[in-house]
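# Tertiary structure, described
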Amino acid sequence: MSQTVSQPFPVWKRILFSDIMLSKSKSHRIAYLGVLTALSIVANMFFEIKFLDVQFSITIFISMISGILIGPLFGFLTAFLGDFIGYLYNSWGLVYMPWVALSCATTALIAGLVMNGIKLNFKGGVFIKLAIVCALSLVICTIAINTTGLYVYFKTIGFSQKTIDYLASKFGSGVTYWGYCFYRLFFLGQIYNCIVNYALLFIAVPALCAVKPLKLSIL
């Protein structure tokens, strides 16, 4: 007999799984893991749109949903596998960049820890937690992990002339770390991609909370 979501679970179990997963049978947990891993793979393979120099994808959104529904650690593993398998299936001729998978996985970890670990029992509490998830994801994953990885990589092989010219026109200097952050976030449009993913999260989570079979309680 499965436990109810309202019953407290040991901390170590809640680091592995969300409360909703802990209330399910092992077969249900495996099914959720499979479905969300598949969604992550599909998002990495197909749901990428490039408009001018701005590339949009929903991998951040899927990673966050994985962490919220599955839990911190298994959400981390799901997002990491989704990116890695998606790359193996279709690399687009690009070199594998493990920090991209780490960024997606850490996004899921953050979402799982915040949404399932912090209790705000008042109206609007869920939106405050979503805002915390988005802010931490931007700083830790998009900037500290992903942008730093790309900066080190391109510093090693050489920055494109477009990058050098853009930063020279904006700051009158070479490609510094913070200059590259500005270039990636605003010229390459990563900040706009993040905003789209965050907006999807703010729409999806309240909708999921309203789905009674899920019994999703993340206040």
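Criteria and thresholds
- Residues numbered from 1 in each chain as written.
- Predicted model: local features only at pLDDT ≥ 70, side-chain atom pairs only at ≥ 80, totals over all residues.
- Heavy atoms only, no water.
- Helix = DSSP H or I, 4+ residues; strand = E, 2+ residues; numbered from the N terminus.
- Buried < 20%, exposed > 50% of the residue type's maximum accessible area, 1.4 Å probe, protein only.
- Contact = heavy atoms within 4.5 Å.
- Areas by Shrake-Rupley, 256 points an atom, 1.4 Å probe, with all protein chains shown as cover.
- Expected span 1.5 Å × (residues − 1).
- Arc of directions from axis to C-beta.
- Phe/Tyr/Trp six-rings, centres within 6.5 Å; stacked < 30°, edge-to-face > 60°.
- pLDDT = per-residue confidence, 0-100.
- Core = buried A, V, L, I, M, F, W, Y, C linked by side-chain atoms within 4.5 Å.
- Axes fitted to C-alpha atoms, helices over the stretch in contact; angles between N-to-C directions.
- Parallel < 35°, antiparallel > 145°, perpendicular 65-115°, else oblique.
- Disulfide = S-S within 2.5 Å.

## Here we look at the overall build of the chain
Within the chain one finds ten helices and two strands. The buried share among the 219 residues of the chain stands at 45%. Contacts in the chain between residues at least 24 apart in sequence constitute 69% of all its contacts with a sequence separation of at least 6. As displayed, the chain has an accessible area near 11,400 Å², and 73% of this comes from carbon and sulfur atoms.

## Section: helix α10 (residues 190-209)
Every α-helix carries 3.6 residues per turn, so stepping three or four residues along brings you back to the same face. In this model, α10 (20 residues) spans 29 Å end to end at C-alpha, consistent with the 28 Å of a helix rising 1.5 Å per residue. Of the residues making up α10, those classed as buried are Q190, I191, N193, C194, N197, Y198, L201, A204 and V205. One face of α10 carries all of its buried residues, which in axial projection span an arc of 150 degrees.

## Side note on the packing of aromatic side chains
Going through the model one piece at a time under the given rule, you end up with 18 aromatic pairs. An angle of 40 degrees between the planes, with centres 5.6 Å apart, marks the rings of Y151 and F159 as tilted. Of the two residues, Y151 and F159, neither departs from the other in class, the shared state being buried. Each ring, one from Y166 and one from F187, has its centre 4.5 Å from the other, and the planes form 40 degrees; the classification is tilted.

## As for the confidence of the model for the chain
For the chain, per-residue confidence averages 85 on the pLDDT scale, and 87% of positions sit at 70 or higher. Mean pLDDT values over the elements of the chain span from 64, in strand β1 (residues 48-51), up to 95, in helix α7 (residues 125-157). The low-confidence segment residues 1-6, where pLDDT is below 50, has eleven contacts with residues more than four positions distant or belonging to other chains.

## Structural notes on the nonpolar core
Taken as a class, soluble globular proteins show a tendency for nonpolar side chains to be buried jointly. One finds M64, I65, M115, L201 and V205 to be the most contacted residues of the largest nonpolar core, which totals 31 residues. When contributions to this core are tallied by element, the ones reaching two or more residues are α2 (19-22), α3 (26-45), α4 (59-70), α6 (98-117), α7 and α10. Per-element tally for this core: the top contributor is α4, with eight residues. Excluding anything up to four places from it in sequence, L201 contacts F61, M64, I65, I68, L130, C134 and P206. Formed by eleven residues, the second largest nonpolar core is a distinct cluster that contains I145, V175, Y180 and Y183.

## What about the side chain of T106?
Secondary-structure assignment places T106 in helix α6. Judged by relative accessible area, T106 falls into the buried class, the value being 11%. Filtering out sequence-adjacent residues up to four positions away, T106 remains in contact with F76, I140, C141 and I145.

## Side note on the packing of helix α9 (residues 177-187) against α10
The relative placement of two packed helices is expressed as an angle between their axes plus a distance between the axes. Between α9 and α10, the least distance of the axes is 4 Å, while the angle of their chain directions is 55 degrees. Considered as vectors, α9 and α10 are oriented oblique to each other. Contacts from R184, L185 and F186 in α9 reach Q190, I191 and Y192 in α10.

## Concerning the state of the cysteines
For the structure on display, the rule yields zero disulfides. With no disulfide of its own, C104 lies 8.5 Å from the sulfur of C141, the closest cysteine sulfur.

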